[in-house]
Amino acid sequence: MISHSSFRSHWSIDPAITFLNHGSFGACPIAVQQEQQAWRDRLERDPMRFFVWDYEELLDRSREAMAAFVEADAADLVFVPNATAGVNAVLRSLHVRPGDELLTTSHEYNASRNALDFVAAQAGAIVTVAELPFPIESADQVIEFVLAKVTDKTRLLLIDHVTSQTGLVLPIEPIISKLSAAGIATLVDGAHAPGMLPLNLKKLGATYYTGNAHKWLCAPKSAAFLVVDRAQQSQIRPLAISHGANSLRQDRSRFQLEFDWTGTADPSAVFSIPKAIEYLGSLLPGGWPELMQHNRNLAIAARHLLCDALKISPPCPAAMLGAMAAIPLPDGDCELLYRQLVDRAIQVQLQAWPRSPKRILRISAQLYNQLADYECLATALQILHQSY
Ligand SMILES: Cc1ncc(COP(=O)(O)O)c(C=O)c1O
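Our subject in this report is the structure included herewith. (Residues numbered from 1 in each chain as written. Predicted model: local features only at pLDDT ≥ 70, side-chain atom pairs only at ≥ 80, totals over all residues. Heavy atoms only, no water.)

**A closer look at the packing of aromatic side chains**
The relative placement of two aromatic rings is captured by the distance of their centres and the angle of their planes.
Here is step 1: One pass over the full model with this rule turns up 13 aromatic pairs.
Here is step 2: Judged by centre distance (5.7 Å) and plane angle (80°), the rings of Phe51 and Trp261 are edge-to-face. One end of the pair, Phe51, is in helix α3 (residues 47-70); the other, Trp261, is in the loop between α9 (254-260) and α10 (268-271), and 210 residues separate them in sequence.
Here is step 3: Look at Trp261 and you get partly exposed, because its relative accessible area is 21%. (Phe/Tyr/Trp six-rings, centres within 6.5 Å; stacked < 30°, edge-to-face > 60°. Helix = DSSP H or I, 4+ residues; strand = E, 2+ residues; numbered from the N terminus. Buried < 20%, exposed > 50% of the residue type's maximum accessible area, 1.4 Å probe, protein only.)

Right, here's the structure in full:
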């Protein structure tokens, strides 16, 4: 019988699983799932009233809550189903010219990189890549390597706030401020950041920032947002063009009219965002700041435990960590090891990165985890040592 953190009962995760991968898809607490169900019930009781009369006011309620949480202006924030859609909406709206350089890093999330490659290929633009080392010595290296790739043709930087495979919190603030000063746009893929890191998007000043509520904010799946600098809003269009494109309404921006309705969809995840913010923020006496600090401390302690057990040097300073940590494993068969861990009911992210046979293990730390979960992973990896 596995003993769990006392907070585990707030989530519906299978008690038989040692769940160390909050990062991939998040996990929604039972109370927030119930909230979502209540929204769905209300929708299905009277769909006409729900969509025609109530929808916009309810969307604005979520928008206000989301904007307050990330310290953005609500007028600049729209909802998208996920960060992938946020990145795509921006990239596919840009008027990229032949020869423009679109800069990113070698740690960029694969899906976002694919979107960048697609847009560049269509426009005859060039994707340039700042190669970031891993293991990495300091956040300053990131700044140095990214800025070294900026040229007078650089049009936009696409950068993860928290990298996916390597779990690094990148120093985006000084990078954005340098690039803004040079008139270069910045698109931040903040898929992991809301609920993992304190955010002040007004102060950050990225041209475009997209983030998920369904990861570390623990909202239901398909709750994410996009914040766009006011001066750029007229050119940024949703992936689906719908009624907003020729609406005669003057009471809100074209940007919001277009993104607020992209065809019939289930808005219950987005409508549950205020509940997720309030509920997660009520679980520890210090609210969200304490929760974020707790998860970060646990990720750092868990990494220490694993690195010690596996005799691997920590691949980055703890200062570069949020609530996830990645550890390079000795070369080998990634899928085989993943299956062996799943056979032991352990869920963790394992990827062939940068490419097979290199392997990288990433742990996540959420309130429902405790150090014993990572001891269980360390023991399994030690037992599997011969084969991994
Ligand atoms: C950096 C980064 N960007 C984007 C995503 C994609 O998120 P979503 O599937 O919600 O679009 C992820 C998912 O893990 C990610 O780590």
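**Let's talk about the state of the cysteines**
What we call a disulfide is simply a covalent bond connecting the sulfur atoms of a pair of cysteines.
Here is step 1: If you walk through the whole model with that rule in mind, you get zero disulfides.
Here is step 2: A disulfide-free cysteine, Cys334 has its sulfur positioned 17 Å from the sulfur of Cys307, the nearest such atom.
Here is step 3: Look at Cys334 and you get buried, because its relative accessible area is 13%.
Here is step 4: In this model Cys376 remains outside any disulfide bridge; the closest cysteine sulfur is found in Cys307, 17 Å from its own.
Here is step 5: Here Cys376 falls in the partly exposed class, since its relative accessible area comes to 32%. (Disulfide = S-S within 2.5 Å.)

**Observations concerning the sheet that holds strand β5 (residues 154-160)**
Here is step 1: If you walk across this open sheet you meet the seven strands as β2-β8-β7-β6-β5-β3-β4, and the pairing is mixed. Of all strands in the sheet, those bounded by a partner on one side alone are β2 (77-80) and β4 (126-130). If you compare each strand with its neighbour and ignore which way they point, the axes differ by 20° on average.
Here is step 2: Packing of helix α5 (residues 110-123) onto the sheet brings it into contact with β3 (101-105), β4, β5 and β6 (185-190), and relative to β4 it is tilted by some 145°. (Pairing = 2+ DSSP bridges. Axes fitted to C-alpha atoms, helices over the stretch in contact; angles between N-to-C directions. Contact = heavy atoms within 4.5 Å.)

**As for the packing of helix α2 (residues 30-45) against helix α11 (residues 273-280)**
Here is step 1: Two elements in contact, α2 and α11, have axes whose closest approach is 9 Å; the angle formed by their N-to-C orientations is 160°. Relative to α11, the element α2 is oriented roughly antiparallel. Between α2 and α11 the crossing geometry is right-handed. Of α11, the residues touching α2 (which contributes Ala31, Val32 and Glu35) are Lys275, Ala276 and Tyr279.
Here is step 2: Looking at the contact of α2 with α11 residue by residue, the classes come out as four nonpolar, no polar and two charged. (Parallel < 35°, antiparallel > 145°, perpendicular 65-115°, else oblique. Left-handed = near helix turned anticlockwise from the far one by under 90°. Nonpolar A, V, L, I, M, F, W, Y, C, P; charged D, E, K, R; others polar.)

**Let's talk about the packing of helix α6 (residues 139-148) against helix α7 (residues 172-181)**
Here is step 1: The contact between α6 and α7 brings their axes to 10 Å, and the two run at 25°. Accordingly, the angle class assigned to the pair α6 and α7 is roughly parallel. Crossing geometry of α6 relative to α7 is assigned as right-handed. Contacts from Val142, Ile143, Val146 and Leu147 of α6 reach α7 at Pro174, Ile175, Lys178 and Leu179.

**Overview of the site of the ligand**
Here is step 1: By nearness alone, 13 residues border the ligand, and Thr84, Asp189, His192, His214 and Lys215 come closest of all.
Here is step 2: Here an oxygen atom of the ligand and a side-chain polar atom of His192 are 2.8 Å apart.
Here is step 3: Within the side chain of Lys215, an N or O atom sits 2.7 Å from an oxygen atom of the ligand.
Here is step 4: Burial of the ligand by the protein chains amounts to 89% of its free accessible area of 390 Å².
Here is step 5: Of the pockets mapped on this structure, the ligand occupies the largest pocket.
Here is step 6: Here the residues of the shell around the ligand are counted per class, giving four nonpolar, six polar and three charged. (Near = heavy atom within 4 Å. Polar contact = N/O pair within 3.5 Å; in protein donor to acceptor, adjacent residues only side chain to side chain. Areas by Shrake-Rupley, 256 points an atom, 1.4 Å probe, with all protein chains shown as cover. 1 Å grid on protein atoms, 1.4 Å probe; cavity = no way out; pocket = protein on both sides within 12 Å on 5 of 7 lines; lining within 4 Å. Sits in = over half its atoms within 2 Å of the grid points.)

**Comments concerning the pairing of β2**
When a strand is regular, its side chains alternate between the sheet's two faces.
Here is step 1: Taking every second residue as pointing to the same face, both faces of β2 are buried, with Leu77 and Phe79 on one and Val78 and Val80 on the other.
Here is step 2: Of the pairings in the sheet, the one linking β2 to strand β8 (residues 224-228) comprises four bridges and is antiparallel in character. By the bridge assignment for β8, Val80 is matched with Ala224.

**Re the nonpolar core**
Soluble globular proteins: nonpolar side chains tend toward being buried together.
Here is step 1: Membership of the largest hydrophobic core comes to 109 residues, with the highest contact counts inside it found for Trp11, Met66, Leu341 and Leu377.
Here is step 2: At ten residues, helix α12 (residues 287-310) tops the list of elements feeding residues into this core.
Here is step 3: Structurally, this core is a two-domain feature, drawing no fewer than three residues from each of domain 1 (6-20 + 287-386) and domain 2 (32-277).
Here is step 4: Once you skip the residues sitting within four places of it in the chain, Leu377 turns out to touch Leu20, Leu306, Leu341, Ile346, Val348, Leu361 and Ile363.
Here is step 5: Judged by nonpolar contacts, the second largest core, of 27 residues, contains Leu116, Ala123, Leu156 and Leu158. (Core = buried A, V, L, I, M, F, W, Y, C linked by side-chain atoms within 4.5 Å. Domains from an automatic or database assignment.)

**Let's talk about the layout of surface pockets**
Here is step 1: Counted as a void, the largest pocket has a volume near 710 Å³.
Here is step 2: Lining the largest pocket are 35 residues, with Glu108, Tyr109, Asn110, Ser164 and Gln165 sitting closest to its centre.
Here is step 3: Of all the elements in the fold, those that place two or more residues in the lining of the largest pocket are α1 (22-25), α4 (83-93), α5 and β11 (349-352).
Here is step 4: Looking at side-chain class alone, the lining of the largest pocket contains nine nonpolar, 17 polar and nine charged residues.
Here is step 5: Two domains each put at least three residues into the lining of the largest pocket: domain 1 (6-20 + 287-386) and domain 2 (32-277).
Here is step 6: Residue lining of the second largest pocket: 20 residues in total, with Phe79, Val80, Pro81, Phe259 and Thr262 positioned closest to the centre. (Points joined across faces, edges and corners; volume = space filled by probe spheres on them.)

**Structural notes on the environment of Gly281**
Here is step 1: Position of Gly281 relative to the elements: it lies in the loop between α11 and α12.
Here is step 2: In this structure the C-alpha to C-alpha distance between Gly281 and Met292, which are eleven residues apart in sequence, comes to 9.9 Å.
Here is step 3: With residues near it in sequence (within four places) discarded, Gly281 still touches Ala276, Gly287 and Trp288.

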